[in-house]
Amino acid sequence: MAGPMKMRATLAGGGTAAAHTDVRVLMTHPMTTAQSGQALHFIQNITVKQNGKTVIEAEISQAVSRNPVFSFRLKGGAKGDKIEVSWLDNKGETNKIETAVA
Amino acid sequence: MTRRSLLAVLGLLLAKPLSVLAAWNEQAFGAKTTADALKGIGASAPSPSKDIVIDAPQIAENGAVVPIEISSSIPGTSAIAVVIEKNPFPLAGRFEFKEGALPFVKLNVKMGETSDVRVVAFAGGKQFSATREIKVTIGGCGG
């Protein structure tokens, strides 16, 4: 079963004017392949938004490991920026998480 | 309203929810060879580049979770694709970096066996690639 997500967004190097924002996100998802003998069930699309604006759009396959963990980097950034990550799988299930940059 | 135009309207209504869903490149992800996967993402003949950095273990003991960190210093990199050449379906992902994102991604992938991992970077309408071999002791496609 697809479950909760966890995310952490931090400014690289600390301070208020960082070079970039590190985004680390965990998605609870079986990511089953056809080879496993189970029904194919995997995340296909991931969207990353920074303050409501789409900054990364990804398409992935069943080759991504179970309970996917991704790290992304966004240009600049400031404390309190809102980062949202959402996913959509091949069965139409979806989930999202929002956090403020710490 | 003719029957044909009614059908056309119904067709549009039915097609609408699908268009709301994000796109997924079925042709490229369904490809069973690296050549077809590269063709599917519009990168049939990428130029070799040393400006793509692939950071991954030389030997992955567990093919179910192989960490790969990728970055491109090619100016104007707008997307990066990961192709695991010997996997049953080689294309593992394609990441589009819009204004505000750096061309960097770290992810965990499954690898069925020892394989070259090819990373394709898209920049300014051109395609570049770099490969790195990752040896796998226990395959991970059953997960």
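Our subject is the structure that appears above.
Throughout this document, residue positions are counted from 1 along each chain, in the order its sequence is written. Lettering for chains starts from A, numbering for ligands starts from 1, and both go in the order in which the items are written. In keeping with the model being predicted, local features are shown solely for residues with a pLDDT of at least 70 and side-chain atom pairs are shown and tallied solely at 80 or more, while totals for entire chains, interfaces and linings include all residues.

Let's talk about the overall build of chain A
Part 1: Helix and strand assignments come from DSSP, with helices taken as H or I runs of at least 4 residues and strands as E runs of at least 2, each series counted from the N terminus. Within chain A, the regular secondary structure consists of zero helices and seven strands.
Part 2: Ordered by position from the N terminus, the helices and strands of chain A form the series β-β-β-β-β-β-β.
Part 3: Counting other C-beta atoms within 10 Å of each residue's C-beta, where C-beta atoms are placed from the backbone, gives the exposure class: buried for 20 or more, exposed for 12 or fewer, partly exposed between. Classification of the 102 residues of chain A by burial places 35% in the buried group.
Part 4: Placing C-beta atoms from the backbone, we regard two residues as in contact once those atoms come within 7 Å. Of the contacts made within chain A by residues no fewer than 6 positions apart, 55% connect residues no fewer than 24 positions apart.

Focus on the overall build of chain B
Part 1: Regarding its fold elements, chain B presents three helices and nine strands.
Part 2: Helices and strands in chain B line up, N terminus first, as α-α-α-β-β-β-β-β-β-β-β-β.
Part 3: Each of the 143 residues in chain B was classed as buried or not, and the buried ones make up 36%.
Part 4: In chain B, 67% of the contacts between residues at least 6 apart in sequence involve partners at least 24 apart.

Digging into the interface of chain A and chain B
Size of an interface: often given as the accessible area lost when the parts come together.
Part 1: Contacts between chain A and chain B engage 30 residues on the former and 32 residues on the latter.
Part 2: For the side of chain A that touches chain B, the secondary-structure elements that each account for two or more residues are β3 (43-50), β4 (53-60) and β5 (69-75) of chain A.
Part 3: When residues in the side of chain A that touches chain B are grouped by element, the largest group, eight residues, is from β4(A).
Part 4: Judged from the three bridges that link them, β5(A) and strand β7 (residues 101-109) of chain B form a sheet pairing that is antiparallel. Looking at the pairing, Leu74(A) lines up with Ala101(B) of β7(B). When DSSP finds two or more bridges between two strands, those strands count as paired.

A word on the pairing of strand β8 (residues 115-123) of chain B
Residues and elements named next belong to chain B.
Part 1: Most of β8 is tucked away, with seven of its nine residues classed as buried.
Part 2: By the bridge criterion, seven bridges tie strand β5 (residues 77-84) to β8 in an arrangement that is antiparallel. Counterpart to Ala-79 in the pairing with β8 is Phe-122.
Part 3: Here β8 runs beside strand β9 (residues 126-138); their pairing, made up of nine bridges, is antiparallel. Looking across to β9, one finds that Asp-116 is bridged to Glu-133.
Part 4: Where β8 hands over to β9, the hairpin turn is made up of two residues, of which Gly-124 adopts a positive phi near 55°.

What about unusual backbone geometry?
Residues and elements named next belong to chain A.
Part 1: Positive phi, normally seen in glycine, also occurs at Met-31, with a value near 50°.
Part 2: Along the chain, Met-31 falls in the loop between β2 (20-27) and β3.
Part 3: The phi angle at Asn-51 is positive, at roughly 50°, despite the residue not being glycine.
Part 4: Turning to its location among the elements, Asn-51 is positioned in the loop between β3 and β4.

Digging into the sheet that holds β2(A)
Paired through backbone hydrogen bonds, the strands of a sheet run either parallel or antiparallel to each other.
Part 1: In spatial order, the strands read β1(A)-β2(A)-β5(A)-β7(B)-β4(B)-β2(B); together these six strands make up an open sheet with antiparallel pairing. Unpaired on one side and paired on the other, β1 (5-11) of chain A together with β2 (52-55) of chain B mark the two borders of the sheet. Neighbouring strand axes in the sheet, compared pairwise and without regard to direction, differ in orientation by 15° on average.
Part 2: Bridge count between strand β4 (residues 66-72) of chain B and β7(B): six bridges; the pairing is antiparallel. Within β7(B), the position partnered with Ser71(B) by the bridge is Phe104(B). For helices, the axis comes from a line fit to the C-alpha atoms of the stretch in contact; other axes are also lines fit to C-alpha atoms, and the angle between any two N-to-C directions lies between 0 and 180 degrees.

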